[in-house]
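# Understanding the architecture of this molecule
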Amino acid sequence: MKTHWQKFKKDPLYLIRYFGTSLLIGIAVVLLQAYLIEDWSSYQSLSIDWRGFLLLPIGLVIGVAIPALMHNCVHGNLRKRILNNIAGELAGIYILLGMAAFELNHRMHHVYADTELDPHNPEGKKFFFFFFANNFGGTKPVLTKYLQFHGDTKKNRARFSLIVLLHFLNVPVRLMFWYFLLGPSLFLTFFVPSYLFHMFVFAHINYYTHETNEEGKSVVFNFDSNLYYRFVNRFGSGVYFHANHHRNPNHYNPMKGASTSWLFR
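These numbers come from a predicted model, not from an experiment. Every chain begins its residue count from 1, and numbering advances along the sequence as written. This being a predicted model, a pLDDT of at least 70 is required before a residue's local features are given, and a value of 80 or more before pairs of side-chain atoms are given or counted; all residues contribute to the totals for chains, interfaces and linings. Excluded from the side-chain calculations are hydrogens and water; all other atoms, namely the structure's heavy atoms, are used.

## Things to note about the layout of surface pockets
- Cavities and pockets were defined on a 1 Å grid built from protein atoms only: a cavity is a group of points that admits a 1.4 Å probe but offers it no way out, a pocket is an open group of points flanked by protein on both sides within 12 Å along at least five of seven lines, and a lining residue is one with an atom within 4 Å of any such point. Grid points are joined across faces, edges and corners, and a volume is the space filled by probe spheres set on the points. Estimated volume of the largest pocket: approximately 520 Å³.
- Each helix is a run of H or I in the DSSP string that is no shorter than four residues. Each strand is a run of E no shorter than two, and both are numbered from the N terminus. Taken together, the elements giving at least two residues each to the lining of the largest pocket come down to α2 (14-36), α5 (99-111), α6 (127-136), α7 (139-150) and α8 (154-208).
- Sort the elements by how many residues they give to the lining of the largest pocket and α8 lands first, with 14 residues.
- Charged means Asp, Glu, Lys or Arg here, nonpolar means Ala, Val, Leu, Ile, Met, Phe, Trp, Tyr, Cys or Pro, and polar covers whatever is left, Gly included. Of the residues that constitute the lining of the largest pocket, the class distribution is 23 nonpolar, 10 polar and no charged.

Dropping the structure here:
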């Protein structure tokens, strides 16, 4: 079974079909949710039941665990390929991104770490700016590779603009899915804090575990020195052991190394 990267490299229309199909499925699901709602009055108010914040610890764990699962799925770190695809796409519902988007960005991060072709390059950026660029940017390096693979033509630039549009249109549809599923109160007190924590952790890892030394070479670090790092490593499959991960991306938990499990590598 070909990876998303292999399909992206071979077929200039692949991502249009991928994000377009995802968008149509998402809209169909949201319309079904809307049809099944009997009491719309509860969805028209943003009143908050503060008891929802009692679930915040679970939300923080989810905000680490599900993106870590997606990360491992793009590396094929579940031993059955089909499980990587299924679990990765399900995790993408929470992350608000399709697995293909994550895979392309992350593959380029590994191959071109801390260069202009790295979608998560922190060099020369303040963390506040990087936080948004890391979570909502990254299309320019992918465009560069797209044009290298398929030719720098007006048609291909227009195609890529459509790819980006379809990609980002999936985000509000997936947000609507969670809004209808959880209701306004839990959406605001549970999902939003959980998702913001995911965004912070993802940006923090890519920003602080990388450094360009005086010789211009990329240096990657492992972190496990305080309660925050230990919490994220515990529930996020060792994601702050980033140097270990770059040395061997096919360990499900780079903090522990190779696994003997029937499920994880």
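Read on, since the account is not over.
## Describing empty space enclosed by the protein
- Going through the model one piece at a time under the given rule, you end up with 1 cavity of 30 Å³ or more.
- Within this model, the largest cavity holds a volume of roughly 260 Å³.
- Along the wall of the largest cavity there are 21 residues; nearest its centre are Pro67, His71, Phe202, Ile205 and Val239.
- Counting residues per element, the ones that place at least two in the lining of the largest cavity are α3 (56-74), α5, α8 and α10 (242-247).
- Tallying contributions element by element places α3 first for the lining of the largest cavity, with 6 residues.

## Quick word on the environment of Arg234
- You can see Arg234 is positioned in helix α9 (residues 227-235).
- Residue exposure (1.4 Å probe, protein chains only): buried if accessible area is under 20% of the type maximum, exposed if over 50%, otherwise partly exposed. Look at Arg234 and you get exposed, because its relative accessible area is 57%.

## Thoughts on unusual backbone geometry
- With a phi angle near 75°, Leu96 is a residue other than glycine that sits in the positive phi range.
- Within the fold, Leu96 resides in the loop between α4 (81-95) and α5.
- What makes Leu96 buried here is its relative accessible area of 4%.
- Positive phi values are uncommon outside glycine, yet Asp114 reaches one of about 65°.
- Looking at the element boundaries, Asp114 is found in the loop between α5 and α6.

## Details of the packing of α2 against α8
- Comment: axis = line fitted to C-alpha atoms, over the contacting stretch for helices; angle = value between 0 and 180 degrees taken between N-to-C directions. Where α2 contacts α8, the two axes come as close as 9 Å, and the packing angle between them is 25°. By the angle class used here, α2 and α8 are roughly parallel. Once α2 is placed against α8, the crossing between them reads as left-handed.
- Its residues assigned to classes, the contact of α2 with α8 comprises 17 nonpolar, 6 polar and 2 charged. In this scheme, roughly parallel covers angles under 35 degrees and roughly antiparallel covers those over 145, while 65 to 115 is roughly perpendicular and the rest are oblique. Should the near helix be turned anticlockwise from the far one by less than a right angle, the crossing is left-handed, and should it be turned clockwise, the crossing is right-handed.

## Some remarks on the nonpolar core
- Counting residues in each nonpolar core, the largest one holds 50 residues, and the members touching the most others are Phe8, Leu15, Phe19, Met70, Ile163, Phe180 and Phe191.
- Contributions of two or more residues to this core are made by α1 (4-10), α2, α3, α4, α5, α6, α7 and α8.
- Any two residues whose heavy atoms approach within 4.5 Å are treated as being in contact. Residues contacting Phe19, with those up to four places away along its chain left out, are Ala101, Ile163, Leu166, His167 and Asn170.
- Buried Ala, Val, Leu, Ile, Met, Phe, Trp, Tyr and Cys residues form a nonpolar core when they are joined through side-chain atoms within 4.5 Å. In this structure, Val64, Ala68, Val201 and Val239 belong to the second largest nonpolar core, which totals 9 residues.

## Overview of a nonpolar patch on the surface
- Taken together, the side chains of Ile82, Leu83, Ile86 and Leu90 present a nonpolar region at the surface, about 360 Å² in accessible area.
- Position of Ile86 relative to the elements: it lies in helix α4. Patch construction takes residues with relative accessible area above 30% that form no salt bridge. Like charges are linked within 9 Å, and nonpolar side chains (Val, Leu, Ile, Met, Phe, Trp, Tyr) are linked within 5 Å. Here the open area of atoms and residues is found with the Shrake-Rupley method and a 1.4 Å probe, where only the protein chains shown may cover a residue. We count a salt bridge whenever a side-chain nitrogen from Lys or Arg sits within 4 Å of a carboxyl oxygen from Asp or Glu.

## Quick look at the packing of α4 against α8
- Remark: α4 packs on α8, axes separated minimally by 10 Å, with the N-to-C direction vectors making an angle of 85°. Judged on the interaxial angle alone, α8 and α4 are roughly perpendicular. Facing Gly92, Ile93, Tyr94 and Ile95 of α4, the residues of α8 in contact are Arg174, Phe177, Trp178, Phe191, Ser194, Tyr195 and His198.
- The residue inventory of the contact of α4 with α8, partitioned by class, reads 7 nonpolar, 3 polar and 1 charged.

## Thoughts on the pattern of salt bridges
- Summed over the entire model, instances satisfying the criterion amount to 3 salt bridges.
- Between Arg17 and Asp11 there is a salt bridge; the shortest N-O distance is 2.4 Å.
- Judged by its relative accessible area of 44%, Arg17 falls in the partly exposed class.
- Between Asp49 and Arg51 there is a salt bridge, with its nearest N and O atoms 2.7 Å apart.

## Considerations on α3
- Multiply 1.5 Å by the residue count of a helix minus one, and that product is the helix's expected span. Over its 19 residues, α3 extends 28 Å from the first C-alpha to the last, a length consistent with the 27 Å expected when each residue adds 1.5 Å.
- Buried residues of α3: Gly59, Gly63, Val64, Pro67, Ala68, Met70, His71, Asn72, Cys73 and Val74, and no others.
- On the buried face of α3, the contacting elements are α4, α5, α8, α9 and α10.
- The positive-phi residue at the C-terminal boundary of α3 is Gly76, with phi of around 70°.

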